[in-house]
Amino acid sequence: MSASNYITSSSAISDNIVFKDNKPVFENQGAEVAELLLSVYQHFGFNYPKFYKMDNLSKLGWLAAEVLLQNGFKKDDYRPEEIGIVLTNANSSLDTDLKYVETIKEFPSPSVFVYTLPNIVIGEICIRNKFKGEQAFFIQEEFDPDFIVQHVNYLLGNDILKTCVCGWVDLLDQSYHASLFMIEKENHEGSVAFSTENLNAAFGNRI
């Protein structure tokens, strides 16, 4: 199954740099997380007012997905239920969980509470893009390309999905790393095989 699936695009946000297909496309050195995320949003001219209400984890994943889907992905080639998302991270929604605990000392904040689940980032991406396929968020100690390749190949190999956004979106305080990949069955110009080696190599370039 893996031989027929390809990484057709990638994006990453790490060390104050935004990457698209392994090339840096924006950087804001010295910025803290909140400032960085806003500067990425403004630099690319995104127009999505709900962005400002998201927690930092959702902003990070949403921005990485927007960059991933720019200039090349033909969403109209697929039905909404054929496009899925599989994400992983190490810290779940702990960044927002800790902020919510602080609000409890005075008055619990519903606007913060709604983001105390890691899969909310998937929801934000799906709402934005009208994706309706299989979705999953897994908590792991570290990036595990073997697991992602196995799981996504199963989804595509059994026609549960036709294409899948997958990768890592993690954030805790000022530590963050997003690395996303578009996996498709069709081989496009510039694509590489969807393999553990290629996934790990692409992710490693962002550290």
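Because the structure is predicted, anything quoted here is derived from the model rather than measured.

With that settled, the discussion passes to the overall build of the protein. A count of helices and strands for the protein gives seven helices and eight strands. Compactness check: the protein gives a C-alpha radius of gyration of 16 Å against a globular reference of 17 Å for 207 residues, within 12% of the reference. With the principal axes as the frame, the protein shows a C-alpha extent of 55 × 35 × 30 Å. Counting every position in the protein, which comprises 207 residues, the buried fraction comes to 52%. When contacts within the protein are restricted to residue pairs at least 6 apart in sequence, those whose partners lie at least 24 apart make up 66%. As displayed, the protein has an accessible area near 10200 Å², and 50% of this comes from carbon and sulfur atoms. Positive and negative side-chain charges in the protein, numbering 16 and 28 respectively, have mean positions lying 9 Å apart.

Attention now moves to unusual backbone geometry. With a phi close to 50°, Asp-21 is a non-glycine residue in the positive phi region. Position of Asp-21 relative to the elements: it lies in the loop between strand E2 (17-20) and strand E3 (23-27). What makes Asp-21 partly exposed here is its relative accessible area of 34%.

Let us look at the pairing of E2. Taking every second residue as pointing to the same face, both faces of E2 are buried, with Ile-17 and Phe-19 on one and Val-18 and Lys-20 on the other. The pairing of strand E1 (residues 6-14) with E2 spans four bridges and is antiparallel. Looking at the pairing, Ser-11 lines up with Lys-20 of E2. As consecutive antiparallel partners, E1 and E2 are separated by two residues, and within that stretch Asp-15 has a phi angle of approximately 55°, a positive value. Strand direction decides the pairing type here: E2 and E3, joined by four bridges, are antiparallel. Counted as the bridge partner of Phe-19 is Pro-24 from E3.

Turning our eyes to something else, we now look at the nonpolar core. Formed by 41 residues in total, the largest nonpolar core has its most connected members in Ile-13, Leu-60, Trp-62, Leu-63, Ile-85, Leu-87 and Leu-180. Secondary structure elements with two or more residues in this core: helix H1 (33-43), helix H2 (56-69), strand E4 (83-89), helix H5 (120-129), strand E6 (163-172) and strand E7 (175-184). For this core, the element with the most residues is H2, which contributes nine residues. Those residues in contact with Ile-85 that sit more than four places away from it in its chain are Ile-122, Ile-125, Cys-126, Phe-131, Glu-134, Gln-135, Ala-136, Cys-164 and Val-165. Counting 18 residues, the second-largest nonpolar core is a separate cluster that includes Cys-166, Phe-181, Phe-194 and Leu-199.

Within the fold, Lys-20 resides in strand E2. Here Lys-20 occupies a buried position and makes no salt bridge, while the nearest side chain of opposite charge, Asp-21, is found at 4.4 Å. Looking at Lys-20, its side chain comes within polar contact range of the main-chain oxygen of Val-67, at 3.2 Å. In this structure, Lys-20 is in contact with Ser-9, Ser-10, Ser-11, Val-25, Val-67, Leu-68, Gln-70 and Asn-71, ignoring residues within four places of it in sequence.

What describes two packed helices is the angle between their axes and the distance between those same axes. One way to put it is that H2 packs onto H5 with a least axis distance of 8 Å and a crossing angle of 40°. Our classification of the angle between H2 and H5 gives oblique. H2 and H5 meet at a crossing whose hand is right-handed. Taken together, the residues of H5 that come into contact with H2 (itself represented by Leu-57, Ser-58, Gly-61, Trp-62, Ala-65, Glu-66 and Leu-69) are Ile-120, Val-121, Glu-124, Ile-125, Arg-128 and Asn-129. Here the residues of the contact of H2 with H5 sort into seven nonpolar, three polar and three charged.

The full count for this structure, using the stated rule, is six salt bridges. Residue Arg-128 is joined to Glu-66 by a salt bridge in which the shortest nitrogen-to-oxygen separation is 3.0 Å. Taken together, the residues span a long stretch of sequence, with Arg-128 in helix H5 and Glu-66 in helix H2 at a distance of 62 residues. A residue is classified by how much of its surface remains accessible, and Arg-128, at 26% relative accessible area, is partly exposed. The buried category is assigned to Glu-66, whose relative accessible area is 8%. Sharing partners across several salt bridges, the network here consists of Arg-79, Glu-81 and Glu-82.

About the cut-offs
- Think of each chain on its own: its residues are numbered from 1, step by step along the sequence as written.
- Note on the predicted model: pLDDT of at least 70 is required for a residue's local features to be given, and 80 or more for side-chain atom pairs to be given and counted; whole-chain, interface and lining totals, by contrast, use all residues.
- As a rule here, side-chain values cover all heavy atoms of the structure and leave hydrogens and water aside.
- A run of H or I in DSSP becomes a helix once it reaches four residues, and a run of E becomes a strand once it reaches two; helices and strands are each numbered from the N terminus.
- Between the two quantities, the radius of gyration covers C-alpha atoms and the globule rule is 2.2 Å times the number of residues to the power 0.38.
- Here the term buried applies to any residue with accessible area under 20% of the maximum for its type, exposed to any over 50%, and partly exposed to those in between, with areas from a 1.4 Å probe on protein chains only.
- The contact criterion used is simple: two residues touch if any of their non-hydrogen atoms lie within 4.5 Å.
- Residue exposure ignores everything except the shown protein chains as possible cover, and the areas themselves are Shrake-Rupley values with a 1.4 Å probe.
- In summary, the charge assignment counts Lys and Arg as positive and Asp and Glu as negative, without counting His or the chain termini.
- Lysine's charge is taken at NZ, arginine's at CZ, aspartate's at CG and glutamate's at CD.
- For two strands to count as paired, DSSP must find a minimum of two bridges between them.
- Residues grouped as a nonpolar core are buried Ala, Val, Leu, Ile, Met, Phe, Trp, Tyr and Cys residues, joined through side-chain atoms within 4.5 Å.
- Salt bridge criterion: a side-chain nitrogen from Lys or Arg within 4 Å of a carboxyl oxygen from Asp or Glu.
- N or O atoms closer than or at 3.5 Å make up a polar contact, with two conditions inside protein: a donor-capable atom paired with an acceptor-capable one, and, for residues adjacent in sequence, both atoms drawn from side chains.
- Between N-to-C directions, angles cover 0 to 180 degrees, with each direction set by a line fitted to C-alpha atoms, over the stretch in contact for helices.
- These descriptions rest on fixed angle ranges, namely under 35 degrees for roughly parallel, over 145 for roughly antiparallel, 65 to 115 for roughly perpendicular, and the rest for oblique.
- Left-handed describes a crossing in which the near helix is turned anticlockwise from the far one by less than a right angle; the clockwise case is right-handed.
- Classification convention: Asp, Glu, Lys, Arg as charged; Ala, Val, Leu, Ile, Met, Phe, Trp, Tyr, Cys, Pro as nonpolar; all other residues, Gly among them, as polar.

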